[in-house]
Amino acid sequence: MADYNITDTVDITDVVCPVTFVKAKVALEELEEGDILSIHMNDGEPVQNVPRSIKEEGHQILKLIHNEDGTYDLIVRKVGD
Amino acid sequence: MAVDYATLKAGGFMRQKQKNTFSLRLRVVGGTVTVEQLQTIAAVAKKYGHDYVHLTSRQGVEIPFIQLEDIEAVKAELAEGGVQPGVCGPRVRTVTACQGGKCCPSGCIDALDIATELDRRYFGRQLPHKFKFGVTGCQNNCLKAEENDLGVKGGMAVSWVKEECILCGVCEKACRQGAITIEDGEIRLNADQCNHCGRCVTACPTGAWHGKSGFLVSFGGTFGNSIQKGTELLPLIEDEETLWRVADTAIDYFAEHANPGERFAKTLERLGWEDFTAKIEEAYHG
């Protein structure tokens, strides 16, 4: 059902707040407008907070995929430079 | 001439252990001090104090080591820079606030605006004992609303609009209360579990969660010699007019029923919460 093509992925399961958001933000900065980033994150604090922070940066969230293994993939379309 | 300590205390001058020496408490609202005020305070502390200020536990600023004979000069120099003395003793104290929705991504209300209005209405009002107001912008409670005789906490009444939802699943995770579930392409909100934190609203990427700001009010908190957490008695208050009606009722009740030297929590404990609860519900319903 995916109506998007993932440009790049970033794994933030190896860092903790607030570096989770920083790592995701850096990955987004390396992309072009309209590119799609898949952010792999842990359950708990990352999935509670990172989507909101990404939204506040102005990017477009398309989907949050529950991997059923304690991790999630947040699919984000980069907006702006 | 005998020193009138009660008057000095009412005007914010706290007697120090050193003879004829005072720590001057200043009027601060919601932890906000302008640069001009800071410069004035610094100049006075340098000239009349010991070159430093003390930041109190409730966002106040005090200038220690002011000498009795300098009090009038100190007041005049502070007034010129827009700084007023604070208060001590049995009256409404410094109104505290977090930065709230003006700056903070989590803030559900403009905490400083509410604190400013509380200060305007009640600051310095003479009462049977001290009375503290605190305003916090959201459930994160950085300002510790329940420590206060009357605490105000920002919240949101939330609702979901199906047509704007892409069922991405972010809100289900953003909610710390487990109040949101997704079943068969529908979002369900368990109203009993919702604590009005508004995280679904701020997290939702498409604006499908709508939030209306409101106030959760707690009564009878105190964190001094005895400790008691303030109690919420009402649902989320969704307009300021009702908030002021509720606050008026609470402070008037304290003024009328408290014994001298008795904090609000003790008054409510002595009289039982039933009568006060009935009056505050009446005020809530207008």
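Student: Looking at this structure, I do not really get the overall build of chain B. What am I missing?
Tutor: The secondary structure content of chain B amounts to nine helices and 13 strands. If one aligns the C-alpha atoms of chain B with their principal axes, the spans along those axes are about 80 × 45 × 30 Å. Residues classed as buried in chain B amount to 42% of the 286 residues present. Counting only contacts in chain B whose residues sit at least 6 apart along the sequence, the fraction spanning at least 24 positions is 64%.

Student: Could you clarify how one ought to interpret the sheet that holds strand β3 (residues 60–66) of chain A in this entry?
Tutor: Paired through backbone hydrogen bonds, the strands of a sheet run either parallel or antiparallel to each other. Residues and elements named next belong to chain A. Strands sit in the order β1-β2-β4-β3 across an open sheet of four strands; the sheet is mixed. A strand with exactly one partner marks an edge of an open sheet, and here the two such strands are β1 (8–11) and β3. On average, each strand axis in the sheet is inclined to that of its neighbour by 20°, with strand direction left out of account. As judged from the seven bridges shared by strand β2 (residues 36–42) and strand β4 (residues 71–77), these two strands associate in the antiparallel manner. Bridge pairing in β4 links isoleucine 39 to leucine 74. In the packing of helix α2 (residues 45–56) onto the sheet, contacts are made with β2, β3 and β4, and the angle to β2 comes to roughly 155°.

Student: Before we go on, may I ask you to explain the pairing of strand β7 (residues 150–160) of chain B in this structure?
Tutor: For a regular strand, side chains alternate in direction, first toward one face of the sheet and then toward the other. All names here are of chain B. By the criterion of burial, β7 is predominantly enclosed, with eight of the eleven residues buried. Note that strand β6 (residues 133–136) and β7 share four bridges and pair parallel. Paired with glycine 134 across the bridge in β7 is glycine 151. The pairing of β7 with strand β10 (residues 209–219) spans eleven bridges and is classified as antiparallel. Within β10, the residue paired with lysine 153 across the bridge is leucine 216.

Student: Just checking my understanding: could you explain the packing of helix α1 (residues 19–29) of chain A against α2(A) for this structure?
Tutor: How two helices sit against one another is set out by the angle between their axes and by the gap between those axes. Residues and elements named next belong to chain A. For the pair α1 and α2, interaxial distance at closest approach is 10 Å and the crossing angle is 40°. When the interaxial angle is binned, α1 and α2 end up oblique. As α1 runs across α2, the sense of the crossing is right-handed. Residues Thr20, Phe21 and Ala24 of α1 touch α2, and the partners they reach there are Pro46, Val50, Ser53 and Ile54. Of the residues contributing to the contact of α1 with α2, the split by class is five nonpolar, two polar and no charged.

Student: When you look at α2(A) in this model, what are you seeing that I'm missing?
Tutor: Within an α-helix, residues lying three or four positions from one another point in the same direction, as the helix has 3.6 residues per turn. Spanning twelve residues, α2(A) covers 17 Å between terminal C-alpha atoms, matching the ideal 16 Å at 1.5 Å per step. Taken together, the buried positions of α2(A) are occupied by Pro46(A), Val47(A), Val50(A), Pro51(A), Arg52(A), Ile54(A) and Lys55(A). At its buried positions, α2(A) is contacted by α1, β2, β3 and β4 of chain A together with α5 (170–174) and α6 (199–203) of chain B.

Student: Mind showing me how you'd approach the nonpolar core here?
Tutor: Nonpolar side chains in soluble globular proteins tend to end up buried together. Residues and elements named next belong to chain B. In this structure, Cys171, Cys200 and Ala250 are the most contacted members of the largest nonpolar core, which totals 69 residues. Ranked by the residues each element gives to this core, the list is headed by helix α7 (residues 240–257), at seven residues. Counting 15 residues, the second-largest nonpolar core is a separate cluster that includes Leu26, Ile66, Val74 and Leu78.

Student: Before we go on, may I ask you to explain the interface of chain B and chain A in this structure?
Tutor: The extent of an interface is frequently quoted as the accessible surface area lost upon association of the parts. Listed as interface residues are ten residues of chain B and, on the opposing side, twelve residues of chain A. Elements with a minimum of two residues in the side of chain B that touches chain A: α5 and α6 of chain B. Residue contributions to the side of chain B that touches chain A peak at three residues, all from α5(B). Residues that form the side of chain B that touches chain A fall into these classes: six nonpolar, two polar and two charged.

Student: Looking at this model, I keep getting lost on unusual backbone geometry. Mind explaining?
Tutor: If a residue is not glycine, its phi is most likely negative; likewise, a peptide bond is most likely trans. Omega for the peptide link from Cys17(A) to Pro18(A) comes to 5°, which places this bond in the cis form. Structurally, Pro18(A) is set in the loop between β1 and α1. One non-glycine residue, Asp51(B), adopts positive backbone phi at about 70°. A residue is classified by how many C-beta atoms lie within 10 Å of it, and Asp51(B), with 9 of them, is exposed.

Student: Please clarify how the sheet that holds strand β4 (residues 61–67) of chain B should be interpreted in this entry.
Tutor: All names here are of chain B. Spatially, β1-β2-β4-β3 is the arrangement adopted by the four strands of the open sheet, whose pairing is antiparallel. Edge positions in the open sheet fall to β1 (13–15) and β3 (54–55), since each of these has one partner strand only. In the sheet, strand β2 (residues 21–25) pairs with β4 via four bridges, with the strands oriented antiparallel. Bridge assignment links arginine 25 to a residue of β4, and that residue is glutamate 62.

Rules used throughout
- Residues numbered from 1 in each chain as written.
- Chains lettered and ligands numbered in written order.
- Predicted model: local features only at pLDDT ≥ 70, side-chain atom pairs only at ≥ 80, totals over all residues.
- Helix = DSSP H or I, 4+ residues; strand = E, 2+ residues; numbered from the N terminus.
- Buried ≥ 20, exposed ≤ 12 C-beta atoms within 10 Å, placed from the backbone.
- Contact = placed C-beta atoms within 7 Å.
- Pairing = 2+ DSSP bridges.
- Axes fitted to C-alpha atoms, helices over the stretch in contact; angles between N-to-C directions.
- Parallel < 35°, antiparallel > 145°, perpendicular 65-115°, else oblique.
- Left-handed = near helix turned anticlockwise from the far one by under 90°.
- Nonpolar A, V, L, I, M, F, W, Y, C, P; charged D, E, K, R; others polar.
- Expected span 1.5 Å × (residues − 1).
- Core = buried A, V, L, I, M, F, W, Y, C linked by C-beta atoms within 7 Å.

Purely spatial values, then, with no claim about function.
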